[in-house]
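This is what each chain is made of:
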Amino acid sequence: MQTDPSQLPNSLEARDRRALVHGLTNLAQHLTVGPKIIESGQGVWVTDNEGKTYIEGMSGLWCISLGYGQERLITACEQQMRKLAYYHLTNHKAHPAAIELADKLLAIAPVPMSHVWFANSGSESADCAARLCWYYWNAVGKPQKRKFLSHDKAYHGNTVASASLTGTAYAHDGFNLPLDGFLHVATPHYIAAAKSGESEQQFVGRLLADLETRILDEGPETIAAFFTEPVMAAGGVIVPPQGYFAGVQKIMKKYDILLVVDEVVTAFGRTGEMFGTTRMALMPDMIITAKGLTSAYIPMSALLLNARVFDAMVDYSDMLGIFGLTLTYSGHPVAAAVASEAIAIYEDLSLADRTKTLEPVLLDGLRQRLASHPNVGDIRGVGLLAGVQLVARRDPFTPFDPAARFGAKIATFAEANGLIVRAIGDTIAICPPLVITEAEIGLLIERLSCAIELATAELSTC
Ligand SMILES: Cc1ncc(COP(=O)(O)O)c(C=O)c1O
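Residues numbered from 1 in each chain as written. Predicted model: local features only at pLDDT ≥ 70, side-chain atom pairs only at ≥ 80, totals over all residues. Heavy atoms only, no water.

Caption draft 1: Just the environment of Phe175, in detail. Summarising the element assignment, Phe175 is placed in the loop between α8 (169-172) and β6 (182-185). Note: C-alpha distance between Phe175 and Glu341 (166 residues apart in sequence) is 38 Å. (Helix = DSSP H or I, 4+ residues; strand = E, 2+ residues; numbered from the N terminus.)

The structure is reproduced here in structure tokens:
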């Protein structure tokens, strides 16, 4: 049924509904409810168009790590716009802002990396990583290595290839995705997927055995790369169990499969290390970064490539006569200047170390307040990235009926209570700006607990 915007039930104008046609809500619902209009921000706080303030407990979309109103970023942007508002990195051109940023990224990379390829979003960089995997295997004479592995529930973006890597139905249904050859393997989520009586170690052993069987069934000579996030953020803040990544890496090495680590959420201090790669002891061939790279002040992403991949690409492009992968805004000087300044701020404020110190304030704080609640099934996370999973029953682990949209109810109560969080099914995701204070973390926990109480009280009266 068509909704007439002029008949909508609140004061928002029809144009507010047209501003988005955007994911994770449904369009009919969007036309009826309309978006919340956020007008300004300072630190970890945002204010809507009715003057109500909220703690931005999700850093927007896991991205504004340095919070709002960072004058150094604003100045870097303005100065670069005045000096050189635009130049590109195509046809033997470059500019100091991109060169300086590439040097810096390679200097702080968690494992030795050789070159950086810039784009404007995490999705573009994931797309490009997939293309460069193909390019690499063609370069070394193994063109049959074309398939990709990633996790069910992984989120790697929403362009054609990155949405194919993404392991959620909402990115595929109705869009003729995933493309052929994009294969998904089990989510390493012990509490949700372990068999009855299975220890964490046995669970890891089962997943690794299944992974190896899948590779053998597909033919190892057909698999180009495995894509993984260090912590699966949009999949529900899933922290893979001890031993899982070590096992995955052993298998990748055995069958000569590239490892691409998607650090779009986890890079730049989020996990208590500058890179989640370090926190989870990964040894990738490529690393994708975005979001925190510029603290979302301006779009930019960066894909880091190791020498194994890059050196092969050089010879191959020589043979082809051209390296045909460029974007108009790749390495945009204004974005590059903001990114370099953002990295300087992460370093000057020791934000990775500070995050490590705040990890127990957030996670233990959530546990103290919520662990005994009968509908809280799990509280997990690393650094300043946490998930609180709500369940109908804790033992045995029994999720709510998804149709009840219980997580969404909690997010709505939280919002009414001045806290923005994200419901991923029945997991409440928390990812505040890294500049959050201990007092603000306390307030965040209070407001979330209150929302959970209100939602569960509604349950008991139904
Ligand atoms: C892990 C991960 N990879 C890739 C992306 C895609 O990034 P973008 O939305 O900038 O295209 C996201 C976005 O949330 C993400 O969380």
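Read on, since the account is not over.
Caption draft 2: Up close: the packing of aromatic side chains. All chains considered together, the criterion is met by 14 aromatic pairs. Ring plane angle 75 degrees and centroid distance 6.3 Å describe the contact between Tyr86 and Tyr329, whose orientation is recorded as edge-to-face. With Tyr86 in the loop between α4 (71-83) and α5 (96-108) and Tyr329 in the loop between α13 (307-320) and α14 (333-348), this pair connects stretches of sequence that are 243 residues apart. In this structure Tyr86 comes out as partly exposed when scored by relative accessible area, which is 32%. Residue Tyr329 is classed as partly exposed on the basis of its relative accessible area, which comes to 49%. For the ring pair Tyr135 and Phe323, a centre distance of 5.5 Å and an interplane angle of 80 degrees mean the geometry is edge-to-face. A residue pair is termed long-range when its members are at least 10 positions apart, and Tyr135 in helix α6 (residues 122-139) and Phe323 in the loop between α13 and α14 qualify at 188 residues. Aromatic ring contacts, followed pair by pair, group Trp134, Phe148, Phe182 and Phe227 into a single cluster. Of note, Lys145 hangs over the ring of Trp137, and the distance from its end group to the ring centre comes to 4.8 Å. In this arrangement the basic side chain of Arg146 is found over the ring face of Trp134, its NZ or CZ atom lying 5.3 Å from the centre. (Phe/Tyr/Trp six-rings, centres within 6.5 Å; stacked < 30°, edge-to-face > 60°. Buried < 20%, exposed > 50% of the residue type's maximum accessible area, 1.4 Å probe, protein only. Lys NZ or Arg CZ within 6 Å of the ring centre and 35° of its normal.)

Caption draft 3: Just the sheet that holds strand β3 (residues 53-56), in detail. Pairing is mixed in the open sheet, where four strands are placed in the order β1-β2-β3-β13. What marks the edges here is a single partner per strand, and that holds for β1 (38-42) and β13 (419-420). Note: β1 against strand β2 (residues 45-48), four bridges, orientation antiparallel. Each residue of the ladder has a partner; that of Ser40, found in β2, is Thr47. (Pairing = 2+ DSSP bridges.)

Caption draft 4: Structural view of the pattern of salt bridges. The tally for this structure, following the rule as stated, stands at 16 salt bridges. Close ionic contact of Arg206 with Glu198 constitutes a salt bridge, the shortest N to O distance being 2.7 Å. For Arg380, the salt bridge is made with Asp378, and the minimal N-O distance between the two is 2.8 Å. With respect to burial, Arg380 and Asp378 carry one shared label: buried. Shared partners join several salt bridges into a network, and the residues in it are Arg72, Glu341 and Asp348. (Salt bridge = Lys/Arg side-chain N within 4 Å of Asp/Glu carboxyl O.)

Caption draft 5: Up close: the site of the ligand. Around the ligand, the surrounding shell consists of Ser121, Gly122, Ser123, Tyr155, His156, Gly157, Glu229, Asp262, Val264, Val265 and Lys291. Within the contact set of the ligand, an oxygen atom lies 2.5 Å away from a side-chain nitrogen or oxygen of Ser123. For the ligand, the accessible surface in isolation is 390 Å², of which the surrounding protein chains cover 84%. Considering only residue class, the shell around the ligand consists of three nonpolar, five polar and three charged. (Near = heavy atom within 4 Å. Polar contact = N/O pair within 3.5 Å; in protein donor to acceptor, adjacent residues only side chain to side chain. Areas by Shrake-Rupley, 256 points an atom, 1.4 Å probe, with all protein chains shown as cover. Nonpolar A, V, L, I, M, F, W, Y, C, P; charged D, E, K, R; others polar.)

Caption draft 6: Representation of unusual backbone geometry within the structure. The omega torsion of the bond from Leu177 to Pro178 falls at 5 degrees, within 30 degrees of zero and hence cis. Residue position: Pro178 is located in the loop between α8 and β6. The backbone of Trp62 shows a phi angle near 60 degrees, a positive value even though the residue is not glycine. Mapped onto the secondary structure, Trp62 falls in helix α3 (residues 59-62). A positive phi angle, near 55 degrees, is found at Ser295, a position not held by glycine. Looking at where Ser295 falls in the secondary structure, it is placed in the loop between β9 (286-289) and β10 (301-305). Ser295 gets classed as buried once you look at its relative accessible area, which sits at 0%.

Caption draft 7: Spotlight on helix α10 (residues 200-218). Over its 19 residues, α10 runs 27 Å from end to end, which matches the ideal 27 Å to within 8%, given 1.5 Å per residue. Turning to α10, its buried residues number three or more, namely Phe203, Val204, Leu207, Leu208, Leu211, Glu212 and Ile215. Along the axis of α10, the buried residues cluster in a sector spanning 165 degrees; they form a single face. Elements in contact with the buried residues of α10: β5 (147-151), β6, α9 (190-193), β7 (223-228) and α11 (244-254). (Expected span 1.5 Å × (residues − 1). Arc of directions from axis to C-beta. Contact = heavy atoms within 4.5 Å.)

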